[in-house]
Every structure is written in C-alpha cells, then in structure tokens.
Amino acid sequence: MSGGLAKRIIPCLDVKDGQTVKGTNFVDLRHAGDPVVLGKAYSKAGADELVFLDITASHEGRKTFTEMVTRVAAEINIPFTVGGGINALDDVKRLLNAGADKVSINSAAIRNPQLINEISNYFGSQVCVCTIDARLDDDGWYCYLNGGRIRTDRRLLDWAKEAQDRGAGEILFTSMNHDGVKTGFANDTLAMLADALSIPVIASGGAGKKEHFRDAFLLGKADAALAASVFHFGEIPIPELKEYLRSEGINVRV
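1. Section: the pattern of salt bridges
For the structure shown, the criterion picks out 20 salt bridges. Here arginine 135 and aspartate 137 are joined by a salt bridge, their closest N and O atoms 2.8 Å apart. Its relative accessible area of 33% is what places arginine 135 among the partly exposed residues. A residue is classified by how much of its surface remains accessible, and aspartate 137, at 15% relative accessible area, is buried. One connected set of salt bridges, linked through shared partners, spans Arg8, Glu49, Lys102 and Glu170.

In structure tokens, the structure reads:
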C-alpha cells in the first residue's frame, strides 16, 4: 500500500476579514488566528501544501486579498493554493504573481466553465484546482454555489468529469453534509470520484481524528486530505498524524 505517490496532508485556512475562521456546515464562524502565522507554523510542522480561501469573496463580490497572499508566500516553502473571488485570468495572474502556486475556483467555474479551459491553457492544468462544494440531498449529490448558499442543477460526478475534461489539474471535493462535524470524510463518494477521474481528488469535510484521514486514503482512495479546525485548534498535530498514517501503511512524506 505504501507505494505510489505520497498522500498529502493539507491544512485549509478559511479567511474572513484577515483572520482565519472555522465554521460548522459553512456557518457559525469562530476565529482561529492569523493566517500568516498559521501558515508558517504548518509549513514547519510538515504540511505538504496549504490552501488559503477568502470565504467572503464570492458572496460579497470581493477580490482575494493579494497582499495577504504575498505575506503568506514569504513565510512558507511548500506549495500554496489560493481561492475566493477568482473570476477571470487577470485574477489568476495577480495571485500567482503574489506568490501562490495554484488557484482554486468554485462558484465562478460553475457559472463560467470556460474559465477552467482558460486557466489550464494559459498557465497549465497544474495551476487549476476545481473546488466542488456538494451536498447529498434527497435526490442525489448536487453542487452548490457561493459558499454553499445556492443549489445548482449540476450533479457532483457530472461536474467533476466536466472540470477534468476542461483541464482542471485536481478536484477538491467538500461534502457539505460532513463539513465541520468531525465524523469522517464522505468516503464512498470520494471513492466514486477517484474511480471515475484520472486527476487527483482532495478530500475535504469531516476530519475529526487520525483514523478519518486513514479512511479517506484507504476507503475513499483520496490523493490528499484537507482539514481546518483539527489543525488550527491543535487537536491533531501534523507530525503525529503522519507517523500514525505511516504505521497504517500509507505513504506520506515525513
């Protein structure tokens, strides 16, 4: 099991008004600290990558804080994805110039799928992470816009395949049903995506203990697992998590 590409552990920093915040099911936000300080600490602790999301951006029509990206990039030496309010190639250029390695697009991609083609054609598919917020409703898994506020008519698997076909380099799938409740990732659905796609799938939503990460990799077949509060509030130290995963036969960089 330990062969192949190393599985990645990715802390996610949701930023609102300059502070890292964490919520449950996308609401009820509480503060978790300075994103620059947290980013630096995670880089030192052995995180493989970071994701930095301006969670107010698509909702309030704001551009991601380029200045904060610059400050974070100056302090870390691991790959770094930024998202929030990216609607055009100029936004991508600005953020990459500020020091980001990849960009994450979500609502804008569903509204304008051609944006995925443009980013991957211009910068390469490795720069484009397509983030999908989806919820299991009575009639199946559907994608949501604007931080989980608006349901679309797009089904999760169909949209993930289209994003891949258009040039996305990775899919970051957040299960809204599991987000912040710490009962584990949506492993059956992750495995379905992993089997259907040829690009990496990042698991998001549901991490509460070390076993949940193991299950995301073994049962969910995820290439990476992303979490926020368990890292921000010190519940699971990253070095400890990686030692545990190694002991379970999972290939991680230590």
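We are not done yet, so read on.
2. Some details on the layout of surface pockets
In this model, the second largest pocket occupies a volume close to 170 Å³. Taken together, Leu5, Ala6, Lys7, Arg8, Asp48, Glu49, Pro79, Pro200, Asp223 and Arg253 form the lining of the second largest pocket. Residue composition of the lining of the second largest pocket, by class: 4 nonpolar, no polar and 6 charged.

3. So, the packing of helix α7 (residues 156-166) against helix α8 (residues 187-196)
Running from N to C, α7 and α8 point in directions that differ by 35 degrees, and their axes come no closer than 11 Å. Considering the relative orientation of α7 and α8, their crossing is right-handed. Here Leu156, Leu157, Ala160 and Lys161 of α7 come into contact with α8, specifically with Thr189, Met192, Leu193 and Ala196. Taken together, the residues of the contact of α7 with α8 break down into 6 nonpolar, 1 polar and 1 charged.

4. Looking at the packing of helix α3 (residues 66-75) against helix α4 (residues 89-98)
Two elements in contact, α3 and α4, have axes whose closest approach is 8 Å; the angle formed by their N-to-C orientations is 30 degrees. When the axes of α3 and α4 are compared, the pair comes out roughly parallel. α4 is crossed by α3, and the crossing has right-handed handedness. Counted together, Thr66, Val69, Thr70 and Ala73 of α3 and Arg94, Leu95 and Ala98 of α4 form the full contact between these two elements. Of the residues assigned to the contact of α3 with α4, the class counts are 4 nonpolar, 2 polar and 1 charged.

5. Considerations on the packing of aromatic side chains
On inspection of all chains with the given rule, the structure shows 6 aromatic pairs. Here the aromatic cluster, defined as three or more aromatic residues joined through ring pairs, consists of Tyr42, Phe185, Phe213 and Phe231. Against the face of tyrosine 142 rests arginine 151, its NZ or CZ located 3.8 Å from the ring centre.

6. Description of empty space enclosed by the protein
Scanning all chains against the criterion turns up 1 cavity of 30 Å³ or more. Quantified by volume, the largest cavity comes out at close to 40 Å³. Lining the largest cavity are Arg8, Ile10, Glu49, Val51, Thr81, Lys102, Val129, Glu170 and Ile202. A class-by-class count of the residues in the lining of the largest cavity yields 4 nonpolar, 1 polar and 4 charged.

7. Let's talk about unusual backbone geometry
For lysine 182, which is not glycine, the phi dihedral falls at a positive 60 degrees. With respect to the helices and strands, the residue lysine 182 is situated in the loop between β10 (170-175) and α8. Residue lysine 182 is classed as partly exposed on the basis of its relative accessible area of 27%. Of note, lysine 221 is a non-glycine position whose phi angle comes to about 60 degrees, a positive value. Its place among the elements puts lysine 221 in the loop between α9 (210-218) and β12 (224-227).

8. Topic: the state of the cysteines
All told, the structure shown has 0 disulfides when counted by the stated rule. No disulfide involves cysteine 128; its nearest neighbouring cysteine sulfur is the one of cysteine 130, lying 6.4 Å away. A disulfide-free cysteine, cysteine 143 has its sulfur positioned 8.4 Å from the sulfur of cysteine 130, the nearest such atom.

9. Notes on the nonpolar core
Counting residues in each nonpolar core, the largest one holds 71 residues, and the members touching the most others are Ile119 and Phe213. Here the element with the most residues in this core is α4; it accounts for 5 residues. Dropping the residues within four chain positions of it, isoleucine 119 is found in contact with Leu89, Val92, Val103, Ile105, Gly124, Val127 and Cys128.

10. Examining the side chain of threonine 81
Its location among the elements puts threonine 81 in strand β5 (residues 80-83). Setting aside residues up to four positions removed in sequence, threonine 81 forms contacts with Glu49, Leu50, Val51, Phe52, Lys102, Val103, Ser104 and Val129.

Calculation criteria
Position numbers for residues count from 1 along each chain, tracking the sequence in the order it is written. Selection of residues for local features in this predicted model requires a pLDDT of at least 70, selection of side-chain atom pairs for listing and counting requires 80 or more, and totals for whole chains, interfaces and linings are taken over all residues. Think of the side-chain values as coming from all heavy atoms in the structure, minus any hydrogens and water. The term salt bridge refers to a side-chain nitrogen of Lys or Arg lying within 4 Å of a carboxyl oxygen of Asp or Glu. Three exposure classes are used, based on accessible area relative to the maximum for each residue type with a 1.4 Å probe and protein chains only: buried under 20%, partly exposed in between, and exposed over 50%. The way it works is a 1 Å grid over only the protein atoms, where trapped points that fit a 1.4 Å probe form a cavity and open points with protein on both sides within 12 Å along at least five of seven lines form a pocket, and then any residue with an atom within 4 Å of a point lines it. Grid points are joined across faces, edges and corners, and a volume is the space filled by probe spheres set on the points. Here the term charged refers only to Asp, Glu, Lys and Arg, the term nonpolar to Ala, Val, Leu, Ile, Met, Phe, Trp, Tyr, Cys and Pro, and the term polar to all other amino acids, Gly among them. Under this scheme, a helix contributes an axis fitted over its contacting stretch, all axes are lines through C-alpha atoms, and angles between N-to-C directions fall in the 0 to 180 degree range. Here a strand is any run of E in DSSP of at least two residues, a helix any run of H or I of at least four, and the numbering for each starts at the N terminus. Note on convention: near helix rotated counterclockwise from far helix by under a right angle means a left-handed crossing. Clockwise means right-handed. Residue contacts are defined here by distance: any two heavy atoms, one from each residue, within 4.5 Å place the two residues in contact. For classification purposes, angles smaller than 35 degrees are called roughly parallel, those larger than 145 roughly antiparallel, those between 65 and 115 roughly perpendicular, and all remaining angles oblique. When two rings of Phe, Tyr or Trp (its six-membered ring) have centres within 6.5 Å they constitute a pair, described as stacked for plane angles under 30 degrees, edge-to-face for angles over 60, and tilted for the intermediate range. Geometrically, a charge over a ring is one whose NZ (Lys) or CZ (Arg) sits within 6 Å of the ring centre while staying within 35 degrees of the ring normal. Two cysteine sulfurs form a disulfide in these notes if their separation is within 2.5 Å. For our purposes a nonpolar core is just a set of buried Ala, Val, Leu, Ile, Met, Phe, Trp, Tyr and Cys residues, chained together by side-chain atoms within 4.5 Å.

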